[in-house]
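Each chain, letter by letter, is given below.
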Amino acid sequence: MIKTRFAPSPTGYIHIGNVRSAIYPYLIAKQNNGKFILRIEDTDQARYVEGATELIESTLKWLGLDWDEGPIVGGPNAPYFQSKRKAIYHAWAQKLIDIGRAYADDTSSEQIQAYRDQCSAEKVPYLYRNFRPENPPAWHEGLPLRFKADPKPRHWHDEVMGNLEAGPEVQDDIILIKADGLPTYNFAHIVDDAEMDVDWVCRGVEYLASVPNYLALYEALGLKVPKLASLPHILGPTGGKKLGKRDGAKSVNEYRKDGILPEAMLNYLACLGWNDGTEQEIYTQTELIEKFSVNRIQTSGARFDETKLLWQNGQWIRRLVDEEGIDKFYLRTTDFWPDSAQAYPETYRKQVLSIIYDRLKTLADLRAMTEYFFTDPEIDLDLIVKNKFLKKISEEDLSDLLQKAAAALEKVTWNETTLQETLNNLLTQLDKKPAELFSLIRISISYAPFSPALHQTLATLGKERSLARIRQTVTAIENDNQ
């Protein structure tokens, strides 16, 4: 049984790169009927952020990345918080001490800086192993514990980057246990992966430089090296550098609050630097599990394109409404309606959703795109006189067109079919193009930049409100013309 893991640190928000590092091992595990482990790497207590673990958990659940072992669900290798596994790390550290591959280091920070300064002055690389103490003290908690490196050429295969190698010059006496008794990432993840029988390690390409030291630790501990997959950076919008906060990068939770669907986020991030060799762009989770392969992850960075994410989200909105129906999809929209919508029954909101959903890019668009269904809009004649189809029509003619439209609409049975027929007949009677007459009526009832099909908008607003808004616009035009 294949086991993979996602091992984030609870040091703040969970960003796009973190989540992609969870998606790929999840897909690997599921397509092999294996297990996906969630492990919280919280040994850096200085950077620990309250609530960050819960945010990690809720984000994974929102995306549908349910873990088989880890916090909440438990498992045979509990605890799954590194801060609670100190005794385990100390036991493995003792193995290295016993075979002479680890030593306590009581060198002061001032002396270590002096070593760095010396190397800088001599213009040679700083390697702590060149200053290794000759007679280190016995190790006890309160002293850092260092690995005693055995520098030599290292060769390994990375499932994404291919065959790699590094010389002895990049291997050093890295710290295994810090003075506070907790392990460093360099040591803890190797111990945990061994204890939890992890077969695949997927992580960012920034860890690639440290692999030679990891290989030395695997060798010293007599451990089998799991398959290693280094994931290229997610780049900023311009493609020049790693995506960061300065580029406007948001947390996954922010995108969630902005109305991005989990299906779209999973779809987009899985394809950010991967494709199955086809032109397909929309994937369900089931399809991703079936089609994903590590050997099709690109080796160069992938540019984050929010426009593409929004496009995919719009595609998913339409797909889910088609598959689930409005009633079920409506449950996803609860937090995204304008405040004024709360005074209206769900049946009315669902009717509004049914005619507006195919124009949404995010669920948050509901607020701006539906406000006029719940509150009478403020009349803004500039929207009419500056409209490219209406700006050449005199105010007198605009008023006349609206009055004739209102008179015709007054007589009909108020439903989408008869409204569409009446509007089409008005085009012939008034000798106007749809872009002219329909734009004029649409603006007069919504004062919004865009709206659903006119006959649907009228039918949903209702006869009384629609005609009242048209007549209010007539009054405003006439007053403006005086």
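Whatever comes next refers back to the structure up there.
In this numbering scheme, every chain counts its residues from 1 along its sequence in written order. Totals for whole chains, interfaces and linings use every residue, but because this is a predicted model, local features are given only for residues with pLDDT of at least 70 and side-chain atom pairs only at 80 or more, for both listing and counting. Side-chain measures here rest on the full set of heavy atoms in the structure, leaving out hydrogens and waters.

### Brief notes about the overall build of the protein chain
Stated precisely, the cut-off is as follows: The secondary structure listing takes helices from DSSP runs of H or I that are at least 4 residues long and strands from runs of E that are at least 2 residues long, numbered from the N terminus. Only the C-alpha atoms count toward the radius of gyration. The rule for a globule is 2.2 Å times the residue count to the power 0.38. Relative accessible area decides the class of each residue, using a 1.4 Å probe on protein chains only: under 20% of the type maximum gives buried, over 50% gives exposed, and in between gives partly exposed. When charges are counted, neither His nor the chain ends are considered; positive counts come from Lys and Arg and negative counts from Asp and Glu. Charge coordinates come from a single atom per side chain, which is NZ of Lys, CZ of Arg, CG of Asp or CD of Glu.
Check the secondary structure of the protein chain and you find 19 helices and 11 strands. For 482 residues, the compact-globule estimate of 2.2 N^0.38 gives 23 Å, and the C-alpha radius of gyration of the protein chain, at 31 Å, exceeds that figure by more than 25%. The C-alpha extent of the protein chain, read off along each of the three principal axes, is 100 × 50 × 40 Å. Counting only residues that meet the buried cut, the protein chain has 49% of its 482 residues in that class. The centroid of the 58 positive side-chain charges in the protein chain is displaced by 2 Å from the centroid of its 69 negative side-chain charges.

### Considering the environment of Lys-391
Along the chain, Lys-391 turns up in the loop between helix H14 (382–385) and helix H15 (395–410). In this structure the C-alpha to C-alpha distance between Lys-391 and Glu-436, which are 45 residues apart in sequence, comes to 9.7 Å.

### Here's the deal with helix H12 (residues 346–356)
To keep things clear, this is the line we draw: By the convention used here, residues are in contact when the closest approach between their heavy atoms is within 4.5 Å.
Buried within H12 we find Tyr-348, Arg-349, Val-352, Leu-353, Ile-355 and Ile-356. Summarising the contacts, the buried residues of H12 are in contact with helix H11 (326–330), helix H13 (365–370), helix H16 (416–430), helix H18 (454–461) and helix H19 (463–481).

### A word on the side chain of Asn-387
Test applied: As used in this structure description, the phrase polar contact means that two N or O atoms lie within 3.5 Å; if the pair is within protein, one of them must be able to donate a hydrogen and the other to accept it, and residues adjacent in sequence are counted only when both atoms belong to side chains.
With respect to the helices and strands, Asn-387 occurs in the loop between H14 and H15. Owing to a relative accessible area of 14%, Asn-387 belongs among the buried residues under this scheme. A distance of 2.8 Å separates a polar atom in the side chain of Asn-387 from the backbone nitrogen of Phe-389. Residues contacting Asn-387, with those up to four places away along its chain left out, are Asp-382, Ser-439 and Ile-443.

### Some remarks on unusual backbone geometry
What you tend to see is this: most non-glycine residues have negative phi, and most peptide bonds are trans. Geometrically, the link from Ala-78 to Pro-79 is a cis peptide bond, its omega value of 0 degrees lying close to zero. Tracing the backbone shows Pro-79 in the loop between helix H2 (52–63) and helix H3 (86–98). Positive phi is not limited to glycine here, since Asn-33 has a value of about 55 degrees. By the secondary structure assignment, Asn-33 is in the loop between helix H1 (16–31) and strand E2 (35–38). Take Asn-33: its relative accessible area is 67%, and that puts it in the exposed class. In this structure, Tyr-447 is a non-glycine residue whose phi angle is positive, near 45 degrees. With respect to the secondary-structure elements, Tyr-447 resides in the loop between helix H17 (434–446) and H18. A relative accessible area of 11% means that Tyr-447 is categorised as buried.

### So, the sheet that holds strand E4 (residues 145–147)
Note the following rule: A pair of strands is labelled paired if DSSP reports no fewer than 2 bridges between them. Here the axes come from fitting lines to C-alpha atoms, over the contacting stretch only for helices, and the angles between their N-to-C directions go from 0 to 180 degrees.
The strand order across the open sheet built from three strands is E3-E4-E7, with neighbouring strands paired in antiparallel fashion. Of all the strands in the sheet, just strand E3 (102–104) and strand E7 (175–177) have a single pairing partner and so form its edges. The sheet shows a mean angle of 40 degrees between the axes of neighbouring strands, taken without regard to direction. In terms of strand pairing, E3 meets E4 through three bridges, oriented antiparallel. Across the sheet, Tyr-103 pairs through a bridge with Arg-146, a residue of E4. Here H3 sits on the sheet and contacts E3, E4 and E7; the angle it forms with E7, its principal contact strand, is near 130 degrees.

### What about the pattern of salt bridges?
Heads up, the rule is: A side-chain nitrogen of Lys or Arg and a carboxyl oxygen of Asp or Glu constitute a salt bridge if their distance falls within 4 Å.
In the structure shown here, the tally under the stated rule is 23 salt bridges. A salt bridge links Asp-68 to Lys-30; the nearest nitrogen and oxygen atoms lie 2.9 Å apart. Placement of the pair is Asp-68 in the loop between H2 and H3 and Lys-30 in helix H1, with a sequence separation of 38 residues. Taking relative accessible area as the criterion, Asp-68 reaches 32% and is therefore assigned partly exposed. As a salt-bridge pair, Glu-410 and Arg-471 come within 2.7 Å of each other at their nearest N and O atoms. Placement of Glu-410 in helix H15 and of Arg-471 in helix H19 is noted, with a sequence separation of 61 residues between them.

### Thoughts on the side chain of His-455
For His-455, the position within the fold is in helix H18. In contact with His-455, other than residues within four places in its own chain, are Glu-416, Leu-419, Gln-420 and Leu-423.

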